[in-house]
Structure formats: structure tokens, C-alpha cells
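Chain by chain, the residues run as shown.
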Amino acid sequence: MSTLPGFTLVVLLLAASSAAADGLALKMDAELGGSAIAGKQGPMFLSADRIESIAPNIIEASGHVEARQAGQNFFANWLRYDTTLNYVEARGQVRLEQPALLVSGDSLKLDLDDYSGELTQPVYRFSAQPGRGDAERIDFIDENNFKLQDATYTTCPVDNDDWFLKVADLDIDKTRNVGTARNASLHFLGVPILYTPWMNFPLGNERKTGMLAPTIGTTERSGFDILVPYYLNLAPNYDATLYPRLLSKRGVQLGGEFRYLLNDVRGENRLEYLPSDKEAGRSRWSTSLNNTYQLNANTQAGMLFSRVSDDDYFRDLSNQISVTSLSHLNREAWVTTQHANWNAELRAQSFQTLQDSTSTTLIDEPYARLPHARLGMAQTFANGLEFRLDSEATRFAHPTKTEGTRVLAYPTLRLPLANSFGFLTPQLGWHSTYYTLDDSVPEQRVTRNVPIFSLDSGVTFDRPFRFAGQDYEQTLEPRAYYVFAPYRDQNAIPVFDTALLDFSYAQMFTENQFIGGDRVNDANQLTVAVTSRFIEADSGLERLQVTLGQRYYFSAQQVTLPGVAPRTSNATDLLAAVSGQITRDWRIDTAWQFDTQNGTTIRQNLGASYRPSPGRSLNFGYRFIDQTTEQIDLSGQWPLGNRWYGMFRYNYSFQDNKLVEGLAGVEYNGGCWAVRAVFQRLATKEDQSTDALFFQLELNGMGRLGANPLDVLKQSVPGYRPSNEILQTP
């Protein structure tokens, strides 16, 4: 080892074979990290077949040259180092290694003080993420800025240039974490498909102002559809997106979204406007506001506001069934507070009802609650006795129906008794309600008081058993639930917000068969049910659950909704359900409701899914509701060949004799890119449907081009996985 002025040199005069044999081969600096910590003032470690001092402060090395300083590794056939200028020149198979970047080229000139210099014929590869390319040369401006000339970039593996981005000039600014490209063109399968004279982009996952990838598609009702979003990164905690949209049959729609996230306030607000729709002959718009405010640790306020210009706005301009099927748009403002033993709420709420212009049946408009106040209390005493109070006061408003105010209070006392094998819970409550109604009804003040007693009980038995070489545990869980509530005449009370609950396993164990406060059923009834579970002993996974239950009436139930006849039979329908992950690949979910008096099926849901591996998913569904609904729903994703996948959905209504939703698509994965084509037919009105075609090209690490079918596929095909996620799954 020799020491020169201002420079420490560690010289290892070892042949390459000897160095490898002794285990002294230089490791990547990303593994060692020592010189990076030392920084520019640290020594340079140098090894080569030959090292000599050719002049004062000039060192030359040749043959398998390896050097490391300040967190960088240099490899070359020949290297010259000026210790005075702290300047490096290298030629022949030059390679520069950094923790996140590997670059090779023909020749390198680099000032180690300010990191200025150049590298000719560079070929680069990112080590922390997919990405590689080459260039004519790299000019290093300083430690955080450099320029590339005639550069390319792709995430495809070496020797695969299915797609690449080619730029005449590329500036990289690591201080701002921004790249700027000039005269950039995107090439796919040898064909240039996009060109831009200028673009800039973030170097990481940070948000940045700029144009986002356009969405292109076509629908039957709106024609050619192209949306070009422009993102505005206004601040780290708020941003905006402008999204002009061209609809060839309708015109240009303007849209904008603003999001913010402050310490105590957050929100997401959207506005769309379509001037002079050529199909509808009028201007159309929609707005959606969603904001919440944290007033203190216990209290929150907020508002939701959604409104559209006309009933057909979503049916004409959207292709998602969750949007086109909307009937009521919510508008409300609220203040809520939560405390240890009590909570309260103040709310004002109304709705916009969207009618189907092709149907003669009008959709009923809900009552507005102007306002609604609620108070809840809960307290547990030392002996285990629990007290609970639910109370509310609401003013109901409607343009055509009876209006009024309802004040309700329901205090209860319950005593849960439980041990390791069962439970017993008696409860006693008093349901008290007071109404003041407008002068459209003869009885303008109505009072209703109903005492309610219930007794819930259940036990659990279990036993181990072995099946097909696997240890299981089976449970048997009988449950009995008794409710008594005397009859009160409620015919004078209007129905503001009350409906009959769907009969289900959960509904069997409720005191009141109605949801809402306008009806409290009379009851002298006993619900009996039994559930058996089959559980894997080792993993705790529930393989199968079987439930059977029925409710028995000891007296006729008289309280009903207007137009509904009282129950005459002494038993409800029989309810049976079977569900579980019966094998690693198969899952079933079935439910059956049977009218024991008439011997007919009232409701039936049959569902099964088969998912042996990612990208292989089949779903089967059948839904039947007496006299109203009978539908079959089939969907899936399955490999069609090497890297090819097919997707489909067939949802057909036998009751309406029409297709609710049909979907067919294919997807191909090229390794570093994927292409998807999807056709969808969607029922939007009683006798109308719309067709949409999606075509999307996804370039891994770059973005997506075309109409985006991913949201449609994930919603319509349960278990769908994009092909690039499938190939990355071990």
C-alpha cells in the first residue's frame, strides 16, 4: 500500500484467478455500503492485473480493473485516476454500479467532486425495479442531473423489444424526481403508435401534474368515446383532475374532480357538464359532493350531495350496472357524536328519484327527513344487567303524501347469561311512539305503546372426527328464540320509512319483522333453528355450515303494512342454508325458503364457485323469488392457451325474458405487456340495452392505453385477475 498527497490508495496486486481463489473478489457496493457511508472523502479501493503511477498524482490500472469510492463501483479494461483533480477516465467494457442502477458503455469520463462527465454508448438497467434501455451517450451534469441522447426505455426482458419508448433527448432530475423527454415516440411490435414533442414524468410513485393515459372506447348509445384526463398535483394533501370527454354522437363533455385531505377535513367532489347533447337535444350535467369534518375527537360532521340533470343521465352516459341501476340519489348533511355511554346524531336528508322513461310504472319517491335527530344510550351494571335506549325524532316531508312528525323511544333491559357451552338472554323493553300528522288525515295525533319481551337461548355441542385422512371438529348448535308483544291497532299510522324485512336466518332472530319505526308487530312466537359446522382441526377453516330453521306462531299475527293481508298460518316458511369452502377449489352458498302451508318454494339462491388457481375462476348462480325474479348468472375467467385468457358473463332474467348483462372478452399477456378486448351488453331500461366495446393495451411499468375494462371485469366476473398479476403469482 502506498500513500499519495491528499489520497489514500489501497492496491491489491492480485491476479484475477488468485483473487477469486482467496475469496477477495470485489463485491457490489450495494452489498458492502462502506464507501457510500464514507462519502467523497473516503478512500478509493482499486484492484487490477497491473497498477502503476505514470506521473505525480496520476494512477493507471489495466486488466480486470475494479474500483470503488463514494458508493459507486467502476469496472473497465483500463482506468486512469488523477488524484489532484479527483478525475477518472475509463475505457473498454466500462461498467458503473450503483445501488439502484447498473450502466455499461465504451468509455467514461467522470469528475468525482461534482459528478460531471460523460459515458458513451451506455446500456442501463435498474436493479430495484424492471426497466432497461440504451442511448448514444449520457452527459452527467452533477450528482442529481444527467442527460441522455437518442435514448430508449422498456420493461421488457433483455433481447425482447416488444415495446419501447424512444426519445431524442431525456433529462433526469433526481432532485425534483422528474424526467423530461423531447421528441418521444412509443413503439409497439415494431410500429410507432404514439408521438409527443414534449413530456415529463415522475421517476417514482410520486404524483405529478400532467396528462394521464387516455381512455378510448365505443358504446351503442354514445358512439366513439375518448376521455383524456389531466392531473393537477396542487399540494401533497389535495389535487384535482380535469377530464374532457368526446362522445361522437353527443358532443364534448367536461368534467372535473377535486380531492383534499387536511387534518380535520376531507372530501371528494365531482362535476360533469355536457352542453347541447346532440342525441337528447339539451344540456346535461351531474354533481357529486362528499365531505366530512372532524370537529373534535368525538364529533364529526359531513354532507353528501348527488344530483343529475335528468332521469336518463346515467343510463345514457355510463356503462356500469351499479350506476345505470340507480333509482335514488342521496342528499344529506349530518352531525354525529360518539361517547363511552351515549351517542347522538342530527341529520337532514332528501332524495332525487330517477324514473324510467320507458316504463309506465313510477318509482316511489322516499320521504325526506327534515330533520332527523337520534339519541342512543348504553350502560352495563355490576351484576351484568344491560340498559339500552334508542330514541329519535323525525319530521317527514313529501310533495304528494301525508306529512308528519314521529317521536320514538325504546328502552330495554337485558341480562346475558353465558358459559362455555351455551347462553340464555332474557330482555324486556317498552316501545313508545308519538305522531303528529298534517290535516290530510282524520286522526292527527297518534300514540302507540308496546311492551316487548324476548328470551334467546342456545347451546353448542362439538365432537372430533376423522374423514379422508383429515381431522375435523363438528359442532351442533341448536337455538331457540321466543318473543311476546301484544297487538296494538296501527292502521291510523302512515308508512313513512318502514318495510317488511326479507325472511332470512338473521331476521328469524329479531323482535320486529319490520324495518323502520312505523310498525311494531304483535308476537307470540317461537323460532327454532339448528346449525352444524364442520371445521378443520389444524387450520380452523370452516369447510361446511348447514342451517335449518323455522318460526312458529302461537297466535295469529295481525299487524301488517297497507294492502298486505294478516298471516293465517301458525308457522313461517322453512329456511335452509348450506355454505362453505368444501374443498380447496370449490365453494358453495345456497339458501332455500319453502312455504310449508302451500308446499311451494318462495325464495331460492344457489351459488357455487370453482377457483383452482389464479386466472381460473368459474361462478354459477341461480336466483328465484316467487312471482318477481328468476335469473341465472354464469361468469368466469379461464386460460384459452399459452398466455391467452377468456372472460365471460351471462346474466339472464327468465321472468322478464331478457339479458340483464352479457360480457365476452379475451386477454393476452406478452410478458412485459398485455392486451384486453371486452364486449359488454347491459340492460339500462325496461326494454332497452346498450353495447360497449373496450380495447386496452397495458405496458408494464409505463401505463395503460385505451378503454379501461378492469373495473367492469372485476365487478362482473368474481375472481377475475389481470394476466400480469397471474404471471407474477408464485
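Because the structure is a prediction, the values reported are computed rather than measured.

Side note on the overall build of the protein
Looking only at helices and strands, the protein features 8 helices and 50 strands. Relative to the globule expectation of 27 Å for 730 residues, the C-alpha radius of gyration of the protein, 36 Å, shows a markedly less compact shape. Dimensions of the protein along its principal axes, counting C-alpha atoms only, are 110 × 70 × 55 Å. A burial count over the protein gives 41% of its 730 residues as buried. Sequence-distant contacts, at least 24 apart, represent 44% of the contacts inside the protein between residues at least 6 apart. When the accessible surface of the protein is totalled, it reaches about 37,400 Å², and 56% of it is carbon and sulfur. Taking the 65 positively charged and 83 negatively charged side chains of the protein as two groups, their mean positions are separated by 2 Å.

Observations regarding the pattern of salt bridges
Within this structure, the stated rule accounts for 43 salt bridges. The salt bridge involving Asp277 is made with Arg284; its shortest N-O contact spans 3.0 Å. Take Asp277: its relative accessible area is 2%, and that puts it in the buried class. Assessed through its relative accessible area of 0%, Arg284 is described here as buried. Two residues, Glu345 and Arg347, come together in a salt bridge whose shortest N-O distance is 3.0 Å. Here Glu345 and Arg347 have matching classes, each one buried. Each of Arg221, Arg250, Asp277, Arg282, Arg284, Asp310 and Asp316 takes part in a single network of salt bridges with overlapping partners.

Quick look at the pairing of strand E4 (residues 50-55)
Note: E4 against strand E5 (residues 58-69), 5 bridges, orientation antiparallel. By the bridge assignment, Glu52 is partnered in E5 with Glu60. Hairpin remark: E4 followed by E5, antiparallel, with 2 residues in the connecting loop; positive phi at Asn57, about 65°.

Topic: the pairing of strand E19 (residues 223-227)
Within a regular strand, side chains alternate between the sheet's two faces. Here 5 bridges tie strand E18 (residues 215-219) to E19, and the two strands are oriented antiparallel to one another. Bridge pairing in E19 links Thr215 to Leu227. Linking two consecutive strands that pair antiparallel, namely E18 and E19, is a turn of 3 residues. Pairing of E19 with strand E22 (residues 245-247), which is carried by 3 bridges, proceeds in the antiparallel orientation. Each bridged residue has a counterpart across the sheet, and for Asp225 the counterpart in E22 is Leu247.

Considerations on a negative patch on the surface
On the surface, Asp113, Asp114, Asp142 and Glu143 cluster together into a negatively charged patch. For Asp142, a relative accessible area of 30% gives the class partly exposed.

Section: the nonpolar core
One finds Phe74, Leu108, Leu148, Trp163 and Trp673 to be the most contacted residues of the largest nonpolar core, which totals 46 residues. Of the residues forming this core, the biggest block, 5 residues, is contributed by strand E14 (residues 163-173). Contact partners of Trp673, with chain neighbours within four places excluded, come to Asp162, Trp163, Phe188, Leu189, Tyr668, Leu697, Glu698, Leu699 and Asn700.

A closer look at unusual backbone geometry
Residue Pro371 is reached from Leu370 by a cis peptide bond, and omega for that bond is -5°. Unusually for a residue other than glycine, Gln93 sits at a positive phi of about 50°. For Gln93, a relative accessible area of 63% corresponds to the exposed category. With a phi close to 50°, Asp150 is a non-glycine residue in the positive phi region. Note on placement: Asp150 falls in strand E13 (residues 145-153).

Section: the environment of Ala213
For Ala213, the location among the structural elements is in the loop between strand E17 (210-211) and E18. Placed 494 residues apart in sequence, Ala213 and Ala707 show a C-alpha to C-alpha distance of 9.9 Å. Here Ala213 is in contact with Pro229, Arg704 and Leu705, once residues within four sequence places are set aside.

Details of the environment of Val65
Mapped onto the fold, Val65 is located in strand E5. Residue classification places Val65 among the buried positions, given a relative accessible area of 2%. For the pair formed by Val65 and Leu46, sequence separation is 19 residues and the distance between their alpha carbons is 7.4 Å. Discounting residues that sit within four places of it in the chain, Val65 has contacts with Leu46, Ser47, Ala48, Phe74, Phe75, Ala76, Asn77, Trp78 and Leu79.

A few points about the confidence of the model for the protein
Counting all residues, the mean pLDDT for the protein is 87, and 92% of those residues have values of 70 or more. Below a pLDDT of 50 lies the segment residues 1-34, which in the model reaches 47 contacts outside its immediate sequence neighbourhood of four places, other chains included.

Focus on the packing of aromatic side chains
The final tally for this structure, using the stated rule, is 24 aromatic pairs. Ring centres of Tyr652 and Phe654 lie 5.4 Å apart, and the angle between their planes is 70°; on these two criteria the pair is classed as edge-to-face. Through successive ring pairs, a cluster of aromatic residues spans Phe188, Trp644, Tyr668 and Trp673. A cation over a ring is seen here: Arg95 above Phe75, with NZ or CZ 4.0 Å from the ring centre. Between Arg479 and the ring centre of Phe509, over which it is positioned, the NZ or CZ distance is 3.8 Å.

Reading the values: rules and limits
Residues numbered from 1 in each chain as written. Predicted model: local features only at pLDDT ≥ 70, side-chain atom pairs only at ≥ 80, totals over all residues. Heavy atoms only, no water. Helix = DSSP H or I, 4+ residues; strand = E, 2+ residues; numbered from the N terminus. Rg over C-alpha atoms; globule rule 2.2 N^0.38 Å. Buried < 20%, exposed > 50% of the residue type's maximum accessible area, 1.4 Å probe, protein only. Contact = heavy atoms within 4.5 Å. Areas by Shrake-Rupley, 256 points an atom, 1.4 Å probe, with all protein chains shown as cover. Lys, Arg positive; Asp, Glu negative; His and termini not counted. Charge placed at Lys NZ, Arg CZ, Asp CG, Glu CD. Salt bridge = Lys/Arg side-chain N within 4 Å of Asp/Glu carboxyl O. Pairing = 2+ DSSP bridges. Patch = residues over 30% accessible without salt bridge, like charges linked within 9 Å, V, L, I, M, F, W, Y side chains within 5 Å. Core = buried A, V, L, I, M, F, W, Y, C linked by side-chain atoms within 4.5 Å. pLDDT = per-residue confidence, 0-100. Phe/Tyr/Trp six-rings, centres within 6.5 Å; stacked < 30°, edge-to-face > 60°. Lys NZ or Arg CZ within 6 Å of the ring centre and 35° of its normal.

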